[in-house]
Structure formats: C-alpha cells, structure tokens
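Observations on the model geometry
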Amino acid sequence: MRLRGRVWKYGDNVNTDVIFPGKYTYTITDPAEMARHALEDLDPRFAQEVRPGDIIVAGRNWGCGSSREQAVIALKAAGVQAIIAKSFARIYFRNAVNNGLLPVVCPEAVEAIEPGEEIEIDLETHRIYSRAGTFAFPPLSPTLRMILEEGGLIPMLCRRLGLPVPIGDIRTSGGAGDG
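1. Brief notes about the overall build of the protein chain
Within the protein chain, the secondary structure is distributed over 8 helices and 7 strands. The C-alpha radius of gyration of the protein chain comes to 15 Å, within 12% of the 16 Å expected for a compact globule of 179 residues. With respect to the three principal axes, the spread of C-alpha positions in the protein chain is 45 × 35 × 25 Å. With an accessible surface of roughly 8,200 Å², the protein chain has 53% of that area assigned to carbon and sulfur atoms.

2. Focus: the sheet that holds strand β1 (residues 2–9)
By way of backbone hydrogen bonds, the strands of a sheet pair with one another, either parallel or antiparallel. Ordered by their spatial adjacency, 7 strands build an open sheet running β4-β3-β2-β1-β5-β6-β7, and the pairing between neighbours is mixed. Each edge of the sheet is formed by a strand with only one pairing partner; in this case those strands are β4 (102–105) and β7 (133–136). Taken pair by pair, the neighbouring strands of this sheet meet at an average axis angle of 30°, ignoring direction. Note: strand β2 (residues 55–58) against strand β3 (residues 82–85), 4 bridges, orientation parallel. Considered in β3, the bridge of Ile56 is made with Ile83.

3. As for the packing of aromatic side chains
Enumeration over the complete set of coordinates arrives at 5 aromatic pairs. Geometrically, the ring pair formed by Trp62 and Tyr92 is edge-to-face, given 6.4 Å between the ring centres and 85° between the ring planes. Taken together, the residues Trp62 in the loop between β2 and α4 (70–78) and Tyr92 in helix α5 (residues 90–98) connect sequence positions 30 residues apart. Neither Trp62 nor Tyr92 differs from the other in exposure class; each is buried. Linked through ring pairs, Tyr10, Trp62 and Tyr92 together constitute an aromatic cluster.

4. Side note on the pattern of salt bridges
Close approach of charged atoms allows side chains with opposite charge to pair. Per the stated rule, a full pass over the model turns up 16 salt bridges. Close ionic contact of Asp17 with Arg68 constitutes a salt bridge, the shortest N to O distance being 2.3 Å. Of this pair, Asp17 sits in helix α1 (residues 16–19) while Arg68 sits in the loop between β2 and α4, and the two are 51 residues apart along the sequence. Its relative accessible area of 15% is what places Arg68 among the buried residues. Arg45 is paired through a salt bridge with Asp43; the nearest N and O atoms lie 3.7 Å apart. For Asp43, a relative accessible area of 9% translates into the label buried.

So, how was this worked out
Every chain begins its residue count from 1, and numbering advances along the sequence as written. The predicted origin of the model limits local features to residues at a pLDDT of at least 70 and limits the giving and counting of side-chain atom pairs to 80 or more, whereas totals for whole chains, interfaces and linings rest on all residues. Water and hydrogen atoms play no part in the side-chain values, which are based on all heavy atoms of the structure. Put simply, DSSP H or I for four residues or longer makes a helix, DSSP E for two residues or longer makes a strand, and each gets a number counted from the N terminus. Based on C-alpha atoms, the radius of gyration is set beside the globule rule, defined as 2.2 Å times the residue count to the power 0.38. Accessible surface is estimated by sampling points in the Shrake-Rupley manner with a 1.4 Å probe; for residues, cover comes only from the protein chains shown. One bridge is not enough; two strands pair if DSSP finds at least two bridges between them. Throughout, an axis means a line fitted to C-alpha atoms (over the contacting stretch in the case of helices), and angles, computed between N-to-C directions, take values from 0 to 180 degrees. Centres within 6.5 Å are what make two rings of Phe, Tyr or Trp a pair, Trp counting through its six-membered ring; a difference in plane orientation under 30 degrees is then read as stacked, over 60 as edge-to-face, and the rest as tilted. Partly exposed describes any residue whose relative accessible area lies between the buried limit of under 20% and the exposed limit of over 50%, with all areas from a 1.4 Å probe on protein chains only and scaled to the type maximum. In what follows, salt bridge is the name for a side-chain nitrogen of Lys or Arg lying within 4 Å of a carboxyl oxygen of Asp or Glu.

Next up, the structure:
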C-alpha cells in the first residue's frame, strides 16, 4: 500500500491540547466540527487549508499530554492520512492506530522533508520517498497493520464479529487502508 500526500510540518512536543483545543473537549462531538478546530492554536491556516490525503511531519513526542482521542479524530476528520514523527507519545500512537490514522516513526525523514512538498509512504517496503531522498522506517507489527487496514479497531472488531460498523464512525472513512 502506498500513500501520497502534501506535508504540514511541525516541531517537538506538540500536545493534544494544541492538536485539538481542550476548551472544546466537552462541547464538540461531531468529527467534522472537530476538524474545523484542528491545530487552530498552533497553525490557524491548517483547518482551512488541509486537504484529504495530507500528511503531518512532526518532531519528537507528538501527541504528548492527555489521552483524549479527539486529538486523533480531529486530524483524521480533517483528511490527514498519516503522521510521520521523530517519536510519538505512547497513548497518541495507539489512539492513532485504533482510529485508523497511520503513525510512522522516522527521525531521518523528519529532518529532510520540507513543508508543502509531496511525499509518498510505501507500507510494503517501509520507505518514505521525498525530494531529499528515500528513508527507511521500522515496519508496524502485523496486528497494528491489520487494525489500520481495517480502518481502526472498532471497524475491525465489528467486521470480525459480523456486526455492522457504526454509521458515521470516523474510522470507517479516509483511513490508511483506504488508499
């Protein structure tokens, strides 16, 4: 599977309250509305200019802070298909997988990739292709890969149990497995 997208680049220690402002935690529940507030305190242009298929490239400790899934759901609903970072907060990494948003750890690529460029992620060869070169990244485990390909944990479990995937579940559209 190959993913192609335009890059948005951010630095180290971007926390969940910056990804999706904490002030909206209990007042906004619709993923489309969450998307309109994604990264608004860090990059006011993001929510207006992000396009389906875009990719975030970030520094160390992306998604530190709280365990709120809204910080993943807002980006996924905005159309982000993957995040490449030097490192992730552990809970954010797992929330990303569970919600069908591809997390990739590749510090070398983060250093080389420029904002706005189009890059490609090849999940079969574990490579990132950019203007600056090709970068290898560690493969995801077969279990994590399966969850991502199914669009997230809930859709995967529903399909395996023969249950309908909840309508309107953000995990059922735009996931890493849809490309």
